[in-house]
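Spelled out, the chains give:
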Amino acid sequence: MILVSACLLGENCRYNGETKPNEFVINYLKDKEYIAFCPECEAGLPIPRLACEIQGGEGQDVLDGKIKIINMKNIDHTKDFIKGAELTLAITKEHNIDTAILKERSPSCGVNYIHTGSFDGNIQKGMGVTARLLHNNGVKLYTEADIASLTKT
Ligand code: SF4
């Protein structure tokens, strides 16, 4: 069983109400069992919602209570993002999921990169909150780019 960011499969769950379907991920999962999940929506954040960014660190810093996640109007959503991460981890435990395919650059799902916290489009190395919590609990993480590379070879 594989966990996958719901927006990669065409669900309109992104902050802007849109989706990011990825043909490589969709094709890869065709003959596999998976669960599509959106940590932010499951935590109760609405669609659409203002973009949120981790403020200057990465998912581990948020989990450690060192930094916040705010939206573009400076509203603190740290608790919502941690709740989304915990709900996602609970799903992996419930279904014995050891692998996840997550949407890169998201403050929840980013595996290698996230935005810097300046809301200027720049990115930095680091994991989103959900990705970090899953990683800390032994879930193997892949991005849509990893699946594309895998599928092409
Ligand atoms: S939280 Fe994850 S699954 Fe939900 S829209 Fe953002 S990247 Fe996609």
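Structural data are supplied above this passage.
Residues numbered from 1 in each chain as written. Predicted model: local features only at pLDDT ≥ 70, side-chain atom pairs only at ≥ 80, totals over all residues. Heavy atoms only, no water.

J.: Is there a simple way to think about the overall build of the protein in this case?
T.: Scanning the protein from terminus to terminus reveals six helices and eight strands. In the protein, which comprises 153 residues, the proportion classed as buried is 47%. Summing over all exposed atoms, the protein offers an accessible surface of approximately 7,800 Å²; the carbon and sulfur share of this is 48%. Between the averaged position of the 17 positive side-chain charges in the protein and that of its 20 negative side-chain charges there is a distance of 3 Å. (Helix = DSSP H or I, 4+ residues; strand = E, 2+ residues; numbered from the N terminus. Buried < 20%, exposed > 50% of the residue type's maximum accessible area, 1.4 Å probe, protein only. Areas by Shrake-Rupley, 256 points an atom, 1.4 Å probe, with all protein chains shown as cover. Lys, Arg positive; Asp, Glu negative; His and termini not counted. Charge placed at Lys NZ, Arg CZ, Asp CG, Glu CD.)

J.: Any chance you could explain unusual backbone geometry here in plain terms?
T.: Most peptide bonds are trans, and most residues other than glycine sit at a negative phi. With omega at -5°, the peptide bond leading from Ile 47 into Pro 48 counts as cis. Relative to the helices and strands, Pro 48 resides in the loop between α2 (39–42) and β3 (52–54). For Asn 96, which is not glycine, the phi dihedral falls at a positive 50°. Secondary-structure assignment places Asn 96 in the loop between α4 (78–94) and β5 (99–102). Asn 96 sits in the exposed class, given a relative accessible area of 68%. Of note, Phe 119 is a non-glycine position whose phi angle comes to about 55°, a positive value. Positionally, Phe 119 belongs in the loop between β6 (113–115) and β7 (123–125). The exposure class assigned to Phe 119 is partly exposed, which follows from its relative accessible area of 24%.

J.: Hey, could you run me through the layout of surface pockets in this one?
T.: Gaps between atoms show up when a probe of the same size as a water molecule is rolled over them. Empty space within the largest pocket amounts to approximately 440 Å³. When contributions to the lining of the largest pocket are tallied by element, the ones reaching two or more residues are α2 and β3. Among the residues making up the lining of the largest pocket, the classes are represented as 14 nonpolar, five polar and seven charged. (1 Å grid on protein atoms, 1.4 Å probe; cavity = no way out; pocket = protein on both sides within 12 Å on 5 of 7 lines; lining within 4 Å. Points joined across faces, edges and corners; volume = space filled by probe spheres on them. Nonpolar A, V, L, I, M, F, W, Y, C, P; charged D, E, K, R; others polar.)

J.: Help me out: how do you make sense of the packing of α4 against helix α5 (residues 129–136) in this one?
T.: If you want to describe how two helices pack, look at the angle between their axes and the distance between the axes. At a minimum axis separation of 8 Å, α4 and α5 run at an interaxial angle of 40°. With respect to α5, the element α4 is oriented oblique. Relative to α5, α4 is oriented so that their crossing is right-handed. Residues Phe 81, Ile 82, Gly 84, Ala 85, Glu 86, Thr 88, Leu 89 and Thr 92 of α4 form the contact with α5, whose own contacting residues are Val 129, Thr 130, Leu 133 and Leu 134. Considering only residue class, the contact of α4 with α5 consists of seven nonpolar, four polar and one charged. (Axes fitted to C-alpha atoms, helices over the stretch in contact; angles between N-to-C directions. Parallel < 35°, antiparallel > 145°, perpendicular 65-115°, else oblique. Left-handed = near helix turned anticlockwise from the far one by under 90°. Contact = heavy atoms within 4.5 Å.)

J.: Quick question: what am I supposed to make of the site of the ligand here?
T.: Around the ligand, the surrounding shell holds 14 residues, and the nearest of these are Cys 7, Cys 38, Glu 40, Ser 106 and Cys 109. Judged by the fraction of its atoms near the pocket grid, the ligand is located in the largest pocket. Partitioning the shell around the ligand into residue classes produces seven nonpolar, three polar and four charged. (Near = heavy atom within 4 Å. Sits in = over half its atoms within 2 Å of the grid points.)

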